Amino acid sequence: MMQIPCPFCGARNESEFSFGGPVKPPRPEPEAVSDADWTAWLTQVPNPLGPVQEQWWHVRGCGTWLTIWRDTRSHDIVEGPGDGN
Amino acid sequence: METKRLDRGGRIDRSRPLTFTFNGKGYSGYEGDTLASALLANDVRLTARSFKYHRPRGIVGAGVEEPSTLVELMNADASGNQPATTVTLSEGLVAKSVNCWPSPGFDIGAVNQLAARFIPAGFYYKTFKWPNWHLYEPAIRKAAGLSAAPSEPPAAGQFEARYGHCDLLIAGSGPSGLMAALTSARAGLRVIIADEGCEAGGALLSRKLTIGGAPAMDWVAEVVAELVAMPNVTHLQNATVWGYREHNYLMVTERSPDNPSLLERTWRVRACHVITATGAIERGLVFGNNDRPGVMLASAVQTYVNRYGVVPGKRPVIFTNNNSAYAVAADLVAAGITIVAIIDSRDSVPEEARALVPGVEVMAGKVVTEARGGRRLRGVVVAGKTGGSARRLSCDLLTITGGWNPTVHLWSQSRSSLRYDETLSTFLPDTPAQAVSAVGAADGALALQQALRSGAEAVARLTDTELPEIPHAPDLPYAIEPIWRVETARGKSFLDLQNDVTVDDVHLALREGYSNVEHVKRYTTGGMGIDQGKTGNINIIGTVALAQGVTIDAVGTTTFRAPYTPVSFGAIGGLREETVALPYRHTPITDWNLAQGAFMYESGARWRRPGYFPKGGEGLQEATNRECRAVRFGVGVYDGSPLGTFELKGRDVGRFLDYLYSNVMSSLKPGNGRYGLMLSDDGLIIDDGVCFRLDDHRWIVSTSTGHADAINGHMEEMLQTRFPEWNVFITAVTSQWNNATICGPKAREVMEALGTDIDLSPDAFPFMSLRDGTVAGLPVRLVRVSFTGELSYEVNVAPRHMRDLWAKVMEAGQPFGILPVGSEASHVLRVEKGFLSLGHEVDGTVDAYDLGMGWSMSKKKPDYLGKRAVHIRRETGGVRRELVGVISKSDRQIPEGAPLTPGGRKEKTEGFVTACVWSVVHDRWVGLALLEGGHSRHGETAHVRLKGGEVIPVRVTVPCHYDHDGEKLRS
């Protein structure tokens, strides 16, 4: 079980969180992009073998949606919330 | 019966004899014995039959490595497939062998031996594949099998789970583990040390060594005494660290916790650092008939003699390729046993090894080509490594050692890498992938002094402290020349005794193209099973390397996976209440419902709700009809508390809701509400519900019961990740409000009888509005919503008032014939009205237009969740399945999900029935369906085609079967 750094609660067990999926690029203005671009944004989810930015919801904790970088090969959390700032 | 017990010595208590039963026969042993040591003491040599060939087998090992003798424990200890070497002997223990019938001595399955040459690896899968394997599987499983699971859970005691947190978790309390524990505990670290044995000491329990000039076990006792006295140390024995997960999370199962009401306790330990002091496991040697009862690992022989005072044989031959056999030989000599000879495959034997056993014949450069005997060993054939003249030796015990493999299982589970070490001829820990160090024999430090030093060094590095003084601990240096298999062997040479995998099987796998070691494992099953090939895996790798002419390194190991040793399901599950994994949710009137004889079940999101309230001998349908009639023609009441309820506050709630819902919510006036659909970005309808505005900046969102938790997450995700700057606060208030929903033509009369300060006239308090006030003297939030199609008042109160409210409603409603209504009737009433249910009519393929709710897809709002996706999908055209009502033209209920086909013919379906109920207003079966082009087919006849070809014609209608214009619900 992973240990996920919550910016408010500190390192907590994965079982307190709900997985929110990889972070996609920012949502485009729906009417400003082509159908193809919109569909691509909708359906293409980052899936790298290596570090991926992803969201977790601290549902059994403080309720925060947070973002980490996790290496999909090792589960290493290579960057926690706010580390990049 | 000849007893094989020494007069003195060992760690058994001769003053405490124990009786036990094995395969129906009574024996005795002592406190401190294992089942295996007690069997050997009683000269029981034939203890098992092998998995596939039913060959006679005996005890091979002395611990978790045991491949051969698996037993089933009976009665209170009921459990299957336990290695006899790990079963602690207790008074009255009853055990039997697992793979023979009726007994290992007379085993009917032994006939397989005659056909052995016809059943190589893969035989079953190749032969029994027509028409399919599953036809043959049960019979084969029975013949080649392990024991069945106990039919009952343990009668007494419970399993427990707990978390552990520490600076340092040490796996293993052998010399290196204890040294690491002592050093780290003295440095003030919070330490957990866990060991699979029932006593601390590891290999020292089996060996006669000294530490600091005194018996090594004295040192162990001193260290353990110091450790247990320290508040920063948790010392667990009989506790296996069996899983090493990501982020230094380890699983430890304690088999006899000090609390007598517990059977086992599983610790989930998060450790800052881990030290694997897991020791080493001896591997066997591979020659002809190397599975005969009486062929035993040298370390096991040493353990039986030194620890249990048991003589496993009076005329032993020792077969070795390394030094450790000589220490074993010395202990045998010390116990008064005469060694026939030591066969050493090395051409030159180190002098310090020979010096331990002066006078014992050492046959250097020779190998055992074959073991002789059937149910017990009679002798061995010795020859040169490449053949030459053979010599027979008579013996009753063949003590073998093929060298030592560091127990790298936990290390490897952590994804840390291994390297092949030529000097030690085995795989050693290389680069750690997590915060872990390997010490002692687990790191290749096979001699005692080295092991002690490595334990202390690891901690010194970790804590950046000076290395403490290491006590003097003399031991024979380890040296080995590997021999993966005897090439001149005669007879079956087993690599994996538990799965009956021979050298020939591995060669067959290689010939058939399974050249990767992982494929060899799966094809031959070598390395699988209870023991996971602890004694044989490296020999398999060596055999592959020899056959392929490559190095051991190039072959590599198979993946080490948890668990290291078998773990009972109970230990993984932990403490469980009743029969459900997650507790049920109840509303305050569960007791009332039960007292009324309600048939309760779960109806989404783990809520226990009344399905219906049968009276007398009523069944489901009669009770449901009665409840429906009450609502349609009189009055009924149901408990709507489980509906998800959220309060949203803040300046930006209006635009936030406009983003979440497909229709406009921000235009609502305080006190008013609106029904709406929530979509996800990809256009799926994820919920439907009503939204009320309380005042400028306070809103109530209600969701379907089953989706409340998901919608909570969805709203928080949208708010926190897309609009973090918006002023919105979301509070889940589902359990802050309960309600009694009074519905039916007489609902207003019941409300008046209850007494309220709210003007109930339809003009003052119309449909889809909300008022705060009092009802029956209780503070309420009264809402006019309707899920039944009737005039309805949802009377919301704080949970502390719910029972009181309910009692008053039943009392005030009694003159009007009020009835409690369960989920079944609610379902009927909503189907009659054509109201949606997510999971029935809304299945992820339909959109609002298909449901006839295109009005809800706002054209005015430039953007909201799902808008673009739905429009793109609709622009692609194609026939869509649309929601319609169906009225059965037969007197038969249509099963939910039944397909509609053109003309009822056996053709591609054009839709399906989503629900079908008995309508008390129409006195017939009515339903809803998703039908291709359904909106333009009202009035037509469609056809349900059931399995078996039965066709039910249905009339296609609008979805709403009752009060189409909504006069009743607005009344």
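Residues numbered from 1 in each chain as written. Chains lettered and ligands numbered in written order. Predicted model: local features only at pLDDT ≥ 70, side-chain atom pairs only at ≥ 80, totals over all residues.

*Asks:* How would you sum up the overall build of chain A? Please name residues and give values.
*Replies:* A tally of helices and strands in chain A yields one helix and six strands. In chain A, the succession of α and β elements from N to C terminus is β-β-β-α-β-β-β. With the C-alpha coordinates aligned to their principal axes, the bounding extent of chain A is approximately 40 × 25 × 25 Å. Within chain A, the fraction of its 85 residues that count as buried is 14%. Contacts spanning at least 24 positions in sequence make up 49% of the contacts within chain A whose residues lie at least 6 apart. (Helix = DSSP H or I, 4+ residues; strand = E, 2+ residues; numbered from the N terminus. Buried ≥ 20, exposed ≤ 12 C-beta atoms within 10 Å, placed from the backbone. Contact = placed C-beta atoms within 7 Å.)

*Asks:* Account for the overall build of chain B, naming residues and giving values.
*Replies:* Within chain B, the secondary structure is distributed over 24 helices and 49 strands. Computed over the C-alpha atoms, the radius of gyration of chain B is 38 Å, more than 25% above the 30 Å expected from 2.2 N^0.38 for a compact globule of 971 residues. Taken along its principal axes, the extent of the C-alpha atoms in chain B is 115 × 65 × 55 Å. Going through the 971 residues of chain B one by one, you find that 52% of them count as buried. The long-range fraction of contacts in chain B, counting pairs at least 24 apart against all pairs at least 6 apart in sequence, stands at 65%. (Rg over C-alpha atoms; globule rule 2.2 N^0.38 Å.)

*Asks:* Describe the confidence of the model for chain B, with residues and values.
*Replies:* Chain-level pLDDT for chain B is 93 on average; 95% of the residues reach the 70-or-more range. Taken together, the chains of this predicted complex give a pTM of 0.86 and an interface ipTM of 0.95. (pLDDT = per-residue confidence, 0-100.)

*Asks:* Any details on the UniProt feature "domain: SoxA A3" (unreviewed entry) in chain B? Residues and values, ideally.
*Replies:* UniProt's feature table lists "domain: SoxA A3" (unreviewed entry) at residues 491-572 of chain B, given in the numbering used throughout. Structurally, residues 491-572 of chain B is divided into 45% helix and 6% strand, and its ends, taken at the C-alpha atoms, are 42 Å apart. (UniProt positions renumbered as here; feature names shortened; annotations may be inferred.)

*Asks:* I'd like a description of the sheet that holds strand β20 (residues 362-364) of chain B, backed by residues and values.
*Replies:* All names here are of chain B. Strand order across the open sheet formed by five strands is β17-β24-β18-β19-β20, with parallel pairing between neighbours. Looking at which strands have only one partner, the edges of the open sheet turn out to be β17 (295-297) and β20. Strand after strand, the sheet turns through a mean of 20° between neighbouring axes, direction not considered. Examined bridge by bridge, strand β18 (residues 316-320) and strand β19 (residues 341-344) share four bridges and lie parallel to one another. Directly across from Ile318, in β19, lies its bridge partner Ile342. Packed onto the sheet, helix α6 (residues 298-306) meets β17, β18 and β24 (397-401) and runs at close to 85° relative to β17. (Pairing = 2+ DSSP bridges. Axes fitted to C-alpha atoms, helices over the stretch in contact; angles between N-to-C directions.)

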